[in-house]
Amino acid sequence: MSKPPLTVDEVASELSLHPKTVQRYIREGKLRAVRLGKSYRIPRAELDAFIGNARHATPTGTEVRVTCIAEVTELEAGNAERITTFLQAIAMTGNENSSPLQVQTAFDPSSGILKIVFIGSPLDVSKLLELLQLQFSGRT
């Protein structure tokens with residue numbers, strides 16, 4: 001049986017953050033939550049994915065994770081932001097049984113270079129790389 005979702009205050013306490021910081025993470029899409037009236041509830045799996053910790057998942061044996069760095073050149077700030085949002089949204093669509101997929105980005109507007117760091121299972125990272133390639137090949 002799954003555990004009940006957490007409140008913003010419970011998440012803030014667990015992460016040693018202010019509740020307004022947790023609410024900002026939710027608004028920015030960094031932490032997925034369900035809105036109930038005027039409050040939010042955060043599923044335990046979403047919190048674990050957010051902090052990169054699968055401690056509440058059932059152990060399934062040896063796990064393989066990879067780290068990959070991709071560099072996209074000649075980008076404008078708007079396109080870099082669009083790509084970042086696209087990749088982070090996809091990374092958040094995992095389920096409770098999969099290991100968390102992390103995507104971090106850094107954009108240098110003076111050089112137009114976007115660096116993307118992927119951390120996850122080889123299959124998940126390869127799918128994200130394929131989607132990234134499709135974004136620039138003109139195919140849909």
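The structure we're discussing is the one just above.
Calculation notes
- Residues numbered from 1 in each chain as written.
- Predicted model: local features only at pLDDT ≥ 70, side-chain atom pairs only at ≥ 80, totals over all residues.
- Heavy atoms only, no water.
- Helix = DSSP H or I, 4+ residues; strand = E, 2+ residues; numbered from the N terminus.
- Buried < 20%, exposed > 50% of the residue type's maximum accessible area, 1.4 Å probe, protein only.
- Contact = heavy atoms within 4.5 Å.
- Areas by Shrake-Rupley, 256 points an atom, 1.4 Å probe, with all protein chains shown as cover.
- Salt bridge = Lys/Arg side-chain N within 4 Å of Asp/Glu carboxyl O.
- Axes fitted to C-alpha atoms, helices over the stretch in contact; angles between N-to-C directions.
- Parallel < 35°, antiparallel > 145°, perpendicular 65-115°, else oblique.
- Nonpolar A, V, L, I, M, F, W, Y, C, P; charged D, E, K, R; others polar.
- Expected span 1.5 Å × (residues − 1).
- Arc of directions from axis to C-beta.

*Asks:* For this particular structure, what's the right way to read the overall build of the chain?
*Replies:* A tally of helices and strands in the chain yields five helices and six strands. Mapped from its N terminus to its C terminus, the chain presents α and β elements in the order β-α-α-β-β-α-β-α-β-β-α. Counting every position in the chain, which comprises 140 residues, the buried fraction comes to 26%. Sequence separation of 24 or more characterises 60% of the internal contacts of the chain that already satisfy a separation of 6 or more. If you sum the accessible surface of the chain, you get close to 9,300 Å²; carbon and sulfur atoms cover 52% of it.

*Asks:* Explain the pattern of salt bridges here, please?
*Replies:* Side chains bearing opposite charge may pair, as long as their charged atoms lie close to each other. Summed over the entire model, instances satisfying the criterion amount to six salt bridges. Across the pair arginine 44 and aspartate 48 runs a salt bridge, and its minimum N-O distance is 3.9 Å. In this pair, arginine 44 and aspartate 48 both sit in helix α3 (residues 44-51), four residues apart, roughly one turn of the helix. In this structure, arginine 44 and aspartate 48 share a single accessibility class: buried. A salt bridge links lysine 115 to glutamate 71; the nearest nitrogen and oxygen atoms lie 2.8 Å apart. With lysine 115 in strand β6 (residues 113-120) and glutamate 71 in strand β4 (residues 66-72), the pair connects residues that are 44 residues apart, well separated along the chain. Under the relative-accessibility criterion, lysine 115 is labelled partly exposed at 39%. A residue is classified by how much of its surface remains accessible, and glutamate 71, at 45% relative accessible area, is partly exposed.

*Asks:* Please explain the packing of helix α1 (residues 8-15) against helix α2 (residues 19-27) as it appears in this structure.
*Replies:* Between two packed helices, both the angle of their axes relative to each other and the distance between the axes serve to describe the pair. Relative to each other, α1 and α2 sit at 110°, their axes nearing to 8 Å. In terms of their interaxial angle, α1 and α2 are classed as roughly perpendicular. Taking contact as the criterion, the partners of Val8, Asp9, Val11 and Ala12 in α1 are, on α2, Pro19, Val22, Gln23 and Ile26. Each residue belonging to the contact of α1 with α2 can be placed in one class, and the counts come to six nonpolar, one polar and one charged.

*Asks:* Explain helix α5 (residues 122-137) to me, please; I cannot follow it from the model alone.
*Replies:* Helical geometry note: an α-helix holds 3.6 residues per turn, so side chains three or four residues apart project in the same direction. With 16 residues, α5 should cover 22 Å at 1.5 Å per step; its first-to-last C-alpha distance of 22 Å lies within 8% of that length. Residues of α5 that are buried include every one of Val125, Leu128 and Leu132, and no others. End-on, the buried residues of α5 take up no more than an arc of 65°, which puts them together on one face. Summarising the geometry of α5, the exposed residues directed more than 90 degrees from the buried face are Leu123 and Glu130. Buried residues along α5 sit in contact with β4, α4 (77-91), β5 (102-108) and β6.

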